[in-house]
Amino acid sequence: MKRIPALFVPRRLNELAYGVKLVVYALLLLWTAIVLFPLYWLVITSFKLPIDVADGPNYLPFVDFTPSLHAWKYIFFDLGRDTLRPYVNSVVVSSVATVVAVLIGSMAAYGLARIEYRPSVGAVAMFVISTAAAASLMFWGGANWLLAIASGAAVFFILLRVLAKRFRRRLGNDDILFWVISQRILPPVVTAIPIYLMFKQLGLLDTRTALVITYATVNLPIVVWLMFDFFSAVPSELEESAQIDGASRFGIFFDIALPLVKPGLVATSLLVLILCWNEYLLALFLSTAEAQTMPLLVAAQNATRGPQWWYMSVLIVIMICPVIVLTVTLQRFITKGLLVGAIKG
Amino acid sequence: MSATVPVRSKSVALLGIGKTFGTVRVLRDLSLEVHPGEFLVLLGESGCGKTTALRIIAGLEAASEGRVQIGGEDVTERLPKDRDVAMVFQSYALYPHKTVAQNIAYPLTIRRMAHAAIDAQVKEVAQSVQLAHLLDRYPRQLSGGQRQRVALARAIVRRPSVFLMDEPLSNLDAKLRGHMRAELKHMQYELGITTIYVTHDQIEAMTLAHRVALMDKGVLQQLAPPAHIYSDPANLFVAGFIGSPPMNFLRGRLADGIFQAPGVRVTTSRSLDGAEVILGVRPEDCTLADPSRAQLQGRIYSIELIGDHTLVTLKAGEQEVVVKAPNIFSGEMGGSIGLCVNPERVYLFRAQSGERIRG
Amino acid sequence: MSALPSSAFLDRQARTAFILPTVVIILAFAIFPLLVSAYLTLVRFQLAPGGYLLTFVGWSNFRKLLFGSEQYHFLGTFDTVSPLEWLLIGVLGVFLILRIARYALGPSASVIGLIGRLIAVAALVAALVLCAVNTGGTARLGSLSVTLFYVTAGVTAQFLIGLGLAYLCTLPVRGRDFYRLVFFLPLMVTPVGIAYMFRMLADTTVGPLAPLWDAVGLRATSWAADPWSARIVVVVGDTWQWVPFMFIVLLAALEGQPRDQVEAAQIDGANGWKIFRDITWPSIAPVAASVILIRLIEAFKIVDLPNILTNGGPGIATESMTLHSFIAWRTLDLGGSAAVAYMLFFVATIGCVSFFQFVVRRARGEPAR
């Protein structure tokens with residue numbers, strides 16, 4: 001038998017050998033440092049005076065430099081309302097968009113997991129045709145969008161009544177699910193300009209409403225995707241039992257299904273909330289002053305005098321903190337919830 | 001409460017029910033009638049269609065063909081909630097986020113019954129299944145037997161006209177199962193509610209049922225009282241399914257009323273010359289004998305002492321026969337031995353179709 | 001799935017009500033804008049007195065990107081390709097074509113499957129050719145190849161590091177809950193913030209690593225001035241943010257792998273690597289494929305990091321397609337912007353769908369369609 005160096009022989013079962021252990025801990029600590037150091041640097045920078053930053057690397061507060069609250073004062077007092085407004089905007093927009101997306105998306109996910117849908121290919125095709133008709137009417141006919149949508153809908157229903165019976169092939173739940181999820185592939189920049197134009201027509205540019213609608217839309221596919229897995233994992237017997245006992249579909253959804261997937265619901269909400277909270281590109285398109293969100297405010301600190309590291313750091317810190325607090329408090333839901341969905345892929 | 005049939009108890013009838021999932025046929029022309037107050041057990045291996053039949057009665061599944069009647073009314077198109085049935089699921093289907101009391105009360109809550117009335121009924125039912133002290137617990141804090149009782153209570157509380165039960169005891173351990181079986185039987189006797197009970201366990205079927213409906217591959221094989229289904233099986237499948245250890249089957253030919261196979265010669269009263277047949281005899285209807293005077297000669301393949309009896313397996317040529325022998329059995333593994341069968345208790349089946357050949 | 005008796009009218013309404021809001025929202029705010037965008041790719045936008053003017057210009061926006069004045073921006077500039085590179089690409093192409101031919105002659109072939117495979121192979125070969133012509137002496141990368149670089153380099157790095165860390169955390173080490181929490185943190189930082197953080201960290205004169213740069217004599221040089229170092233900093237920032245996602249999901253997958261199989265293999269005397277290869281990897285492959293797909297979908301959209309970190313520069317060297325499109329929009333070239341966005345849409349769709357069909361499905365043990 002080959003001799004193994006003593007360094008690599010574990011002393012006990014279920015324990016790593018010294019050499020291996022050393023490497024493992026070294027790697028884990030290395031990554032811990034890689035994760036924590038930038039955050040550390042961010043925090044101390046927020047307490048630095050401009051001179052401390054310009055002066056070359058200063059690592060330790062009280063040793064290399066004297067911490068100062070000037071940046072915090074500036075952001076909270078001098079800029080007061082200019083900080084508060086984007087902050088409130090971010091809070092309102094992300095929470096409302098999250099609630100909307102999670103509610104609507106969960107309903108769809110539940111429907112797709114539990115109810116059989118079989119739309120006929122013909123109806124879908126006709127819908128596409130009428131939408132195209134509406135769109136072309138809007139652009140070439142110069143009709144306003146309300147009229148365009150109305151006439152599109154009319155064309156659709158007429159076609160549906162007249163022709164739908166001729167198309168026999170039907171789509172299933174899988175197809176609908178795939179269609180919804182695949183919307184996530186759609187890069188937001190593709191739809192950003194038309195959405196910009198739409199909201200401009202509606203007079204909703206630079207409002208929270210526009211951001212809420214847009215954020216809810218781009219995150220719907222994620223909600224449907226994750227919640228579908230959660231709902232599918234719930235034994236259907238619970239709902240069947242409620243059904244026999246006399247509950248309605250909506251009764252079952254709110255009373256039985258939603259409470260059962262609570263961990264998943266919390267995890268999904270948190271994920272969507274973080275995505276909305278950090279969203280940058282669409283905010284850039286849709287908001288300028290009134291509806292400015294935090295990421296835009298942070299980005300704006302890259303002033304003409306060069307980046308204002310200290311202010312920026314304060315803003316980033318106050319952006320990260322609530323998310324971290326939320327995540328840590330909800331951690332048991334995340335480990336329990338999000339992973340179930342992800343594992344099922 | 002008394003053992004008389006309550007007025008509410010209803011009959012259930014399936015008329016030519018068929019069900020296909022995609023291209024798979026799980027039920028074929030199933031017709032049966034359950035009398036008011038009767039305890040009917042649907043018995044069969046998993047995948048025989050018994051659960052599907054139950055779900056069709058409940059309205060959880062739509063039948064591909066045929067009609068369902070409850071209390072003489074056609075309910076084929078009705079939603080589950082409008083069928084006045086209650087169902088107990090194999091997993092009990094308790095709502096984990098509701099307390100025992102809330103679980104039991106759920107069917108009443110949905111019907112927007114007054115709170116006081118709900119409380120009173122929940123208490124009464126909980127009392128009757130010995131759950132009164134657990135009403136504030138959550139299902140996860142209960143033992144298997146207690147959960148089972150909550151599920152029963154939730155079904156009882158509505159006073160439905162039909163109970164549907166899908167393997168309600170199979171998640172319990174063996175000892176508890178025996179106990180709950182007796183309780184269930186007593187409860188059904190007291191309430192007198194029509195009960196349709198699905199199981200794969202023949203002991204449950206034999207002990208609980210007024211009548212057993214034995215199914216295989218989506219087809220009803222026999223519908224009869226337990227004693228009848230044991231002593232007078234309709235075909236080879238029923239004969240092989242009921243009884244433990246199962247009936248012995250020997251392949252052979254019938255000539256001049258004598259069943260013949262290598263090493264086997266059994267006189268029967270049936271005349272069906274030259275036909276390929278299968279002879280069936282239960283282990284308890286065989287006796288061991290001296291090889292020279294026996295109808296079957298073979299060697300002892302294994303000896304298993306069970307307690308009050310011994311199971312002896314013989315090998316005669318290619319065929320195996322299990323015999324229920326007294327617990328004091330002196331033979332040795334590998335020794336040669338003979339077997340006598342009680343000619344009164346011998347069953348003959350056609351080898352091709354499995355159909356019973358009656359005298 | 002329970003198939004209900006379908007007679008009850010009320011019940012049917014409830015069924016529709018469940019999915020209708022989602023369908024309507026997606027149609028109104030995703031599909032409809034997508035169609036409008038398709039129209040915009042075919043027009044030229046001009047400000048006019050009292051509003052704007054849309055002139056139909058056909059394919060000219062796309063032509064400009066692929067062959068015209070914007071080619072340098074989108075596709076980059078080209079250098080000659082050595083015969084060896086041509087040979088390698090050619091061999092790969094022929095090999096893939098042969099596989100498609102085998103599929104086409106096989107029993108499970110379908111027209112859509114065939115078209116899908118042809119598109120996937122064409123896209124792969126095109127990407128390789130682009131990669132070949134964009135490298136070398138005078139060549140410069142365009143926003144397409146930069147995006148592809150971010151996607152492939154970023155996702156690969158994130159997956160490998162995430163898998164490694166997850167594997168380490170399944171070993172009997174202390175403080176696993178601590179690592180789980182700490183490693184999760186970067187996911188919560190806003191990308192804009194990450195961009196600034198890495199700008200600070202990567203500063204060669206006043207950043208925390210300055211002494212290190214000093215030691216290797218790089219103090220005065222700026223990484224932001226060199227295309228490749230700028231791109232790498234972008235990928236580093238992206239990786240820092242997204243490793244946690246890979247880590248947390250793969251950790252769950254690793255912890256969910258069948259214990260008894262691992263134990264059986266240990267008793268049979270397999271070593272760590274063999275156990276990983278023969279048992280662990282097959283059991284986590286479906287999850288791994290799914291998680292890569294999820295990242296892939298998001299990675300194509302990258303914009304915050306390059307925009308803040310390098311402002312797309314030096315020149316256009318770090319511009320992703322989203323940023324390219326955004327910049328075009330800012331200069332009021334709506335048609336050009338929509339065209340770039342649509343190109344991104346095509347690339348992302350082909351990439352993600354091909355990955356789903358040929359990798360995720362295979363990893364899950366389903367046949368590719």
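Relevant structure appears above.
Owing to the predicted nature of the structure, the values given are computational and were not obtained by experimental measurement. (Residues numbered from 1 in each chain as written. Chains lettered and ligands numbered in written order. Predicted model: local features only at pLDDT ≥ 70, side-chain atom pairs only at ≥ 80, totals over all residues. Heavy atoms only, no water.)

This brings us to the pattern of salt bridges. Between side chains of opposite charge, pairing is possible as soon as their charged atoms come close. Residue and element names in this part refer to chain B. Across all of its chains, the model carries 25 salt bridges over all chains by this definition. Of the charged contacts in the structure, one is a salt bridge between Glu65 and Arg25, with a shortest N-O distance of 3.6 Å. Of this pair, Glu65 sits in strand 4 (residues 65–70) while Arg25 sits in strand 2 (residues 24–34), and the two are 40 residues apart along the sequence. According to the relative accessible area criterion, Glu65 is partly exposed, its value standing at 40%. (Salt bridge = Lys/Arg side-chain N within 4 Å of Asp/Glu carboxyl O. Helix = DSSP H or I, 4+ residues; strand = E, 2+ residues; numbered from the N terminus. Buried < 20%, exposed > 50% of the residue type's maximum accessible area, 1.4 Å probe, protein only.)

Nonpolar side chains in soluble globular proteins generally cluster together in the buried interior. Grouped together as the largest cluster of nonpolar side chains are 240 residues, with contacts concentrated most on Phe231(A), Phe285(A), Leu42(B), Leu164(B), Ile196(B) and Phe183(C). At 16 residues, the largest contribution of residues to this core is made by helix 10 (residues 227–255) of chain C. Once residues lying within four places of it in the same chain are set aside, the contact partners of Phe231(A) are Ser106(A), Ala109(A), Tyr110(A), Ala113(A), Arg114(A), Phe253(A), Ala257(A), Leu258(A) and Val261(A). Within the second largest apolar cluster, 47 residues are counted, among which are Tyr92(B), Leu131(B), Ile156(B) and Ala209(B). (Core = buried A, V, L, I, M, F, W, Y, C linked by side-chain atoms within 4.5 Å. Contact = heavy atoms within 4.5 Å.)

All names here are of chain A. All chains considered together, the criterion is met by 9 cavities of 30 Å³ or more. One number sums up the size of the second largest cavity: a volume of about 80 Å³. Secondary-structure elements contributing two or more residues to the lining of the second largest cavity are helix 1 (18–45) and helix 2 (50–54). Taken together, the residues that form the lining of the second largest cavity break down as 5 nonpolar, 4 polar and 3 charged. (1 Å grid on protein atoms, 1.4 Å probe; cavity = no way out; pocket = protein on both sides within 12 Å on 5 of 7 lines; lining within 4 Å. Points joined across faces, edges and corners; volume = space filled by probe spheres on them. Nonpolar A, V, L, I, M, F, W, Y, C, P; charged D, E, K, R; others polar.)

This next bit is on the sheet that holds strand 8 (residues 194–199) of chain B. All names here are of chain B. Taken together, the 6 strands give an open sheet; going across it, the order is 6-7-8-3-9-10, and neighbouring strands pair in mixed fashion. Edge strands, defined here as strands with exactly one partner in the open sheet, are strand 6 (85–88) and strand 10 (219–224). Strand-to-strand twist of the sheet, defined as the mean angle between neighbouring strand axes without regard to direction, takes the value 15°. Judged from the 4 bridges that link them, strand 3 (residues 39–43) and strand 9 (residues 211–216) form a sheet pairing that is parallel. By the bridge assignment for strand 9, Leu42 is matched with Ala213. (Pairing = 2+ DSSP bridges. Axes fitted to C-alpha atoms, helices over the stretch in contact; angles between N-to-C directions.)

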